[in-house]
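Coordinates in review
Spelled out, the chains give:
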Amino acid sequence: MTGIAPLGRRAAVEFVGTGALVAVVVGSGIQAVKLSQDVGVQLLANSLATVLGLGVLIALLGPVSGAHFNPVVTLAAWWTGRPGSEGPGLREVAAYVPAQVAGAIGGAVLADAMFAEPLVHWSGHDRSAPHLWLGEVVATAGLVLLVFGLARVGRAHLAPVAVAAYIGAAYWFTSSTSFANPAVTIGRTFTDTFAGIAPGSVLPFVAAQLVGLAVGVVLVAALFGRPGPAGEDVTVPHGEHHHDRPAVVGH
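Residues numbered from 1 in each chain as written. Predicted model: local features only at pLDDT ≥ 70, side-chain atom pairs only at ≥ 80, totals over all residues. Heavy atoms only, no water.

1. Considering the packing of helix α3 (residues 71-80) against helix α4 (residues 90-114)
Here α3 crosses α4 at 175°, and the two axes come no closer than 9 Å. In terms of their interaxial angle, α3 and α4 are classed as roughly antiparallel. Between α3 and α4, the residues in contact are Pro71, Thr74, Leu75 and Trp78 and Leu90, Val93, Tyr96, Val97 and Gln100, respectively. Across the contact of α3 with α4, the residue classes break down as seven nonpolar, two polar and no charged. (Axes fitted to C-alpha atoms, helices over the stretch in contact; angles between N-to-C directions. Helix = DSSP H or I, 4+ residues; strand = E, 2+ residues; numbered from the N terminus. Parallel < 35°, antiparallel > 145°, perpendicular 65-115°, else oblique. Contact = heavy atoms within 4.5 Å. Nonpolar A, V, L, I, M, F, W, Y, C, P; charged D, E, K, R; others polar.)

2. Here's the deal with the side chain of Thr18
Position of Thr18 relative to the elements: it lies in helix α1 (residues 7-35). Take Thr18: its relative accessible area is 0%, and that puts it in the buried class. Excluding residues that lie within four positions of it along the chain, Thr18 makes contacts with Phe69, Gln100, Gly103, Ala104, Ala183 and Val184. (Buried < 20%, exposed > 50% of the residue type's maximum accessible area, 1.4 Å probe, protein only.)

3. Points about the pattern of salt bridges
Taken as a whole, this structure holds one salt bridge when the rule is applied. Between Arg10 and Glu92 there is a salt bridge, with its nearest N and O atoms 3.8 Å apart. With Arg10 in helix α1 and Glu92 in helix α4, this pair connects stretches of sequence that are 82 residues apart. Take Arg10: its relative accessible area is 8%, and that puts it in the buried class. (Salt bridge = Lys/Arg side-chain N within 4 Å of Asp/Glu carboxyl O.)

4. A closer look at a nonpolar patch on the surface
A grouping of Val211, Val215, Leu219 and Leu223 is seen on the molecular surface, where their side chains present a nonpolar patch of about 310 Å² in accessible area. Residue placement: Val215 occurs in helix α8 (residues 202-224). Classification of Val215 by relative accessible area gives partly exposed; the value is 34%. (Patch = residues over 30% accessible without salt bridge, like charges linked within 9 Å, V, L, I, M, F, W, Y side chains within 5 Å. Areas by Shrake-Rupley, 256 points an atom, 1.4 Å probe, with all protein chains shown as cover.)

5. Here's the deal with the side chain of Thr191
Tracing the chain through its elements places Thr191 in the loop between α7 (182-187) and α8. Excluding anything up to four places from it in sequence, Thr191 contacts Val26, Ala108, Asp112, His121, Ser123 and Gly196.

6. Concerning the nonpolar core
Ranked by internal contacts, the top residues of the largest apolar core, which has 43 residues, are Val26, Leu54, Leu143, Val144, Phe148, Val163 and Ile167. Listing elements by their share of this core, those giving two or more residues are α1, α2 (39-65), α3, α4, α5 (130-152), α6 (159-173), α7 and α8. Ranked by residues supplied to this core, first place goes to α6 with seven residues. In terms of nonpolar packing, the next biggest core, distinct from the first, is built from seven residues, Leu132, Phe179, Ile197 and Val206 among them. (Core = buried A, V, L, I, M, F, W, Y, C linked by side-chain atoms within 4.5 Å.)

7. Focus: the packing of aromatic side chains
Summed over all chains, the structure comprises four aromatic pairs. Seen from their ring centres, Phe179 and Phe205 are 5.1 Å apart, and the 75° between their planes marks the pair as edge-to-face. Placement of the pair is Phe179 in the loop between α6 and α7 and Phe205 in helix α8, with a sequence separation of 26 residues. One Lys or Arg, Arg188, reaches over the ring of Phe179 and ends 3.7 Å from the middle of that ring. (Phe/Tyr/Trp six-rings, centres within 6.5 Å; stacked < 30°, edge-to-face > 60°. Lys NZ or Arg CZ within 6 Å of the ring centre and 35° of its normal.)

8. Some remarks on α2
At Ala59, α2 shows its maximal bend, which comes to roughly 35°, and the proline Pro63 appears one to four places after that position. Regarding α2, its N-cap is Asp38, as a side-chain oxygen of that residue lies 2.8 Å from the backbone nitrogen of Gly40 further along. Just beyond α2, the residue with positive phi is Gly66, at close to 95°. (Bend = angle between axes of the 7 residues up to and from the residue. Polar contact = N/O pair within 3.5 Å; in protein donor to acceptor, adjacent residues only side chain to side chain.)

9. A short note on α5
End to end, α5 covers 33 Å across 23 residues, agreeing with the expected 33 Å (1.5 Å per residue, within 8%). Downstream of α5 by one or two residues, Gly154 has phi in the positive range, about 75°. (Expected span 1.5 Å × (residues − 1).)

10. Some details on unusual backbone geometry
The backbone of Ala67 sits at a positive phi, close to 50°, despite the residue not being glycine. Mapped onto the fold, Ala67 is located in the loop between α2 and α3. The backbone of Phe69 sits at a positive phi, close to 55°, despite the residue not being glycine. Secondary-structure assignment places Phe69 in the loop between α2 and α3. Of the residues examined, Phe69 reaches a relative accessible area of 0% and is grouped as buried.

11. Some thoughts on the confidence of the model for the protein chain
In the predicted model, the protein chain carries a mean pLDDT of 90, and 87% of its residues have values of at least 70. In the model of the protein chain, α3 stands out as the element of lowest mean pLDDT, 95, in contrast to α7, which has the highest, 98. Considering only residues more than four positions removed or in separate chains, one finds that residues 229-244, a stretch of pLDDT under 50, has 36 contacts. (pLDDT = per-residue confidence, 0-100.)

What follows is the structure, given as structure tokens:
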């Protein structure tokens, strides 16, 4: 695909992609609970479906919008792209973030509908604890580092596999099961199922994700250098120059 798609189309892709991602996360969680009473098996099924779905969505929709599906990625792309013209501007941010949140809510409602659950039933799954917030900081920082690190070293084409693999691993090595995505966090309040999160737990989770965003951006600059005035990196291996335009997300 050549050229930049109109902003309306890119925002629609962010809406659909984020919605599909949340439908995968919530729907696979509901299915897992129906098929097994073992919580470990339920989490395994949920994480595997998320890995596969996320990889497909990034590969399919990345060429249109960058496949952010995540306000953290959109904000990081805007911040790191400020010196040049490669990152999204405030106009894109203002279009992408509401589309991502609306898509996440729609995806949760769609998953509930597919499994004959109440369409909107606030989650009662409380996730309020400092160790969970720390897990979100780690998960989000790692996601930002991966996404923009791949772009800095010219490996952005690996994003569908690398990002999906990271999220799958983070399901298991973080205490929070790696939401790492404010839009998805909000969307998952609308379903009182396996993947849900209580509305009262959202604000601290989102705050932790924003801290993770800041940590991730600092790590990218420290490990890969800062982008120069023309959108090129100050530090790039083998003298090559690569633009800082992501093709990813977070679940």
